[in-house]
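Overview (structure and organization)
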Amino acid sequence: RFPGTHPSRGGGTGSMTEGIGPTGHMEGLISIRPEIAASHGDYLTPSFLLQRIEDRWKMPFFDPCPWPRPEWDGLKIAWPEAVFINPPYGKGVSEWFEKAIHELSNGKTEIAVFLLHARTDTKWFHEYVIGGAQELHFIRGRVKFEHPLTHKANSSPFPSIIAVFYSDSRNNNLKTSSWGKADE
């Protein structure tokens, strides 16, 4: 349905785990908990939102763009069954959609859940989100992302959404919902 993949950079949230961590993640996966500090002015996804994602789909998620940045590039490795992507915001966001589409179409990844800024005026929003997501969950208010060094939470300057992509065509009609307030 969406051909191609693009190489390039990483970024995002999370921490490396060894063995099975407190959320039941398997060895070698990336925990999507913001437990390890990062630098470069990047912000971490709030743990309540990550927990809500895990609770909603009842499975652990791999984070291909974690912090701190790993030795591997999340755009170049194979992804497992369930993936959470809080991509680096900016010009490279389309590369993460292309990678997700590639992984979903090759049958190894079954679900890709994106946390995105709701930039409905962008080409990538119309091409990938409106053009391919099976679910959109709108977050009321502004998500407070935590600075990895100071641990200070600041409201995002933009609204956020959760966009969900599945490998099968279980739903050709886009489903939308409100996930309630950003600080719940």
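Refer to the structure above for everything that follows.
The model shown is predicted, which means the values in this text are computed figures rather than measured ones.

Examining the nonpolar core
Within the largest apolar cluster, 25 residues are counted, with the highest numbers of intra-cluster contacts made by Phe97, Phe114, Leu116 and Val129. Those elements that provide at least two residues to this core are strand E3 (82-85), helix H2 (93-105), strand E4 (111-117), helix H3 (123-132) and strand E8 (160-166). Apart from the residues lying within four places of it in its own chain, the contact partners of Val129 are Phe97, Leu116, Trp124, Leu136, Ile161, Ala163 and Phe165.

Considerations on the packing of aromatic side chains
Tallied over the full model, the rule gives 9 aromatic pairs. On the numbers, 5.5 Å between centres and 70° between planes, the contact of Phe114 with Phe165 is edge-to-face. On the criterion of sequence distance, the pair formed by Phe114 in strand E4 and Phe165 in strand E8 is long-range, its members being 51 residues apart. The pair formed by Phe114 and Phe165 is uniform in burial state, with each residue classed as buried. What links up through ring pairs into an aromatic cluster is the set Phe97, Phe114, Trp124, Phe125, Tyr128 and Phe165.

Description of unusual backbone geometry
With a phi close to 55°, Lys58 is a non-glycine residue in the positive phi region. In this structure, His151 takes a positive phi of about 65° despite not being glycine. Its location among the elements puts His151 in the loop between strand E6 (144-146) and strand E7 (153-155).

Remarks on the pairing of E8
Most of E8 sits out of view: 7 of its 7 residues are buried. Burial along E8 is two-sided: Ser160, Ile162, Val164 and Tyr166 and Ile161, Ala163 and Phe165, pointing in opposite directions, are all buried. Two elements, strand E5 (residues 135-140) and E8, share 4 bridges in a ladder whose sense is antiparallel. If you follow Phe138 over to E8, its bridge partner there is Ile161.

Some words on the pattern of salt bridges
Opposite charge on two side chains permits them to pair, given that their charged atoms come into close proximity. The final tally for this structure, using the stated rule, is 3 salt bridges. Salt-bridge contacts for Arg119 lead to Asp121; the nearest nitrogen and oxygen are separated by 3.2 Å. You can call Asp121 exposed: its relative accessible area is 59%.

So, the environment of His137
Position of His137 relative to the elements: it lies in strand E5. Separated by 24 residues in sequence, His137 and Ile161 place their C-alpha atoms 5.6 Å apart. Not counting residues within four places of it along the chain, the set of residues in contact with His137 comprises Trp57, Ile161, Ile162, Val164, Ser177 and Trp179. A polar contact of 2.8 Å, which involves the side chain of His137, links it to the side chain of Glu135.

Quick notes on the side chain of Thr109
In this fold, Thr109 is placed in the loop between H2 and E4. A relative accessible area of 0% means that Thr109 is categorised as buried. Separated by 2.9 Å, the side chain of Thr109 and the backbone oxygen of Pro80 make a polar contact. Apart from residues no more than four positions distant in its own chain, Thr109 is found in contact with Trp79, Pro80, Glu81, Val83, Glu103, Leu104 and Ser167.

Parameters at a glance
- Residues numbered from 1 in each chain as written.
- Predicted model: local features only at pLDDT ≥ 70, side-chain atom pairs only at ≥ 80, totals over all residues.
- Heavy atoms only, no water.
- Core = buried A, V, L, I, M, F, W, Y, C linked by side-chain atoms within 4.5 Å.
- Buried < 20%, exposed > 50% of the residue type's maximum accessible area, 1.4 Å probe, protein only.
- Helix = DSSP H or I, 4+ residues; strand = E, 2+ residues; numbered from the N terminus.
- Contact = heavy atoms within 4.5 Å.
- Phe/Tyr/Trp six-rings, centres within 6.5 Å; stacked < 30°, edge-to-face > 60°.
- Pairing = 2+ DSSP bridges.
- Salt bridge = Lys/Arg side-chain N within 4 Å of Asp/Glu carboxyl O.
- Polar contact = N/O pair within 3.5 Å; in protein donor to acceptor, adjacent residues only side chain to side chain.

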